[in-house]
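So the chains spell out like this:
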Amino acid sequence: MIAFTIILVMVIMTAITYFFTIREINLKRSSLFDQVERIAQNVATLQLVDQQEWSTYQDYINQVMEANKDIIYIAIYDERNSLRAHALNMDLLELEYAVISNRLRANIVEQLDRGLVADDNRDDIRTARVNIMINDRIIGSVNVGYSLISINDELREGIVFNLILAGIFTVIFSIAAFVVSRRLAYPIEQLNDAMLRVTRGDLSKKIVPQTHDEIAELVLAYNTMIENMRERKLIDSLGKKLSSTFQINELASLIDRQLKDAIQAASIKLFITEQN
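Residues numbered from 1 in each chain as written. Predicted model: local features only at pLDDT ≥ 70, side-chain atom pairs only at ≥ 80, totals over all residues. Heavy atoms only, no water.

S.K.: Which residues make up helix 4 (residues 149-199), and what values do they have?
M.R.: Over its 51 residues, helix 4 extends 72 Å from the first C-alpha to the last, a length consistent with the 75 Å expected when each residue adds 1.5 Å. Where helix 4 bends most, at Ala185, the angle is about 25°, and the proline Pro187 comes one to four residues later. At the exit of helix 4 stands Gly201, carrying a positive phi of roughly 90°. (Helix = DSSP H or I, 4+ residues; strand = E, 2+ residues; numbered from the N terminus. Expected span 1.5 Å × (residues − 1). Bend = angle between axes of the 7 residues up to and from the residue.)

S.K.: Could you give me a rundown of the side chain of Asn152, with the residues and numbers involved?
M.R.: With respect to the secondary-structure elements, Asn152 resides in helix 4. Among the residues examined, Asn152 registers a relative accessible area of 4% and is labelled buried. For Asn152, the side chain forms a polar contact with the side chain of Arg29, separated by 2.5 Å. A distance of 2.7 Å separates polar atoms of two side chains, one belonging to Asn152 and the other to Asp124. Apart from the residues lying within four places of it in its own chain, the contact partners of Asn152 are Arg29, Asp123 and Asp124. (Buried < 20%, exposed > 50% of the residue type's maximum accessible area, 1.4 Å probe, protein only. Polar contact = N/O pair within 3.5 Å; in protein donor to acceptor, adjacent residues only side chain to side chain. Contact = heavy atoms within 4.5 Å.)

S.K.: Run through the pairing of strand 4 (residues 137-147), naming residues and quoting values.
M.R.: Where a strand is regular, its side chains alternate between the two sheet faces. Of all the 11 residues making up strand 4, 9 are buried; the element is thus mostly covered by neighbouring parts of the structure. Note: strand 1 (residues 71-78) against strand 4, 7 bridges, orientation antiparallel. Residue pairing in the sheet places Ile74 in a bridge with Val144 of strand 4. Bridge count for strand 3 (residues 125-134) against strand 4 is 10 bridges, and the pairing is antiparallel. Bridging from a neighbouring strand, Ile125 pairs with Ser147 of strand 4. Where strand 3 folds back on strand 4, the antiparallel hairpin that results is connected by 2 residues, among which Asn135 adopts a positive phi of roughly 60°. (Pairing = 2+ DSSP bridges.)

Here is the structure:
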């Protein structure tokens, strides 16, 4: 029963973890991707690549970066896949450089855009890519890298919290299951022990019901059975002894002993009248 309780708690907590943690986190990830993709589409709709208006792009994406703290970088490429404009959020990066030149900043953006990040951080960055189109011709692309650090931290915290809850509930329900199982098993063990006594000929064991359920009814039925067996045993024993006894005094003494044993009395008074 305890093993079943543990399995049940784990199944319930797994379902809760999925529906209230993992599912919600996935929805947040999807929502954030849609938001970043719309930003990339807005940048792409400027269509200034043909006019070589890179400074206009640069001013625009700098403003976008200031308004969206989850964006790590924005990279704008021309049709030859050359980086023409870029922006980098230094607050989301851990760099060893005190001062970063524009060229170094561009190199960092290109590395991030190619996925050249530490293995530990690979799941913390995603990129939304939108092509810059004129009619049916691709004249460039806008790549926006964004951070999933806060979302992933929330996911880890949610899983840890659910694991702690699972541990607490497992302990509580295990204790409850143990108490209930012992409460159910104890009267059954008593009944089993009494039945073993019966098989050995001991009819003195009576059981006091501890509950008010079906087990209590079974105990009462056992007590009734024991009373009937004791009465039958008394009658059989008395009949055998009566059959071999013919003297009135001996007969009275025999009945006296048998009745005292039957009703567990210290003494009784027996009157035998002689019929004329």
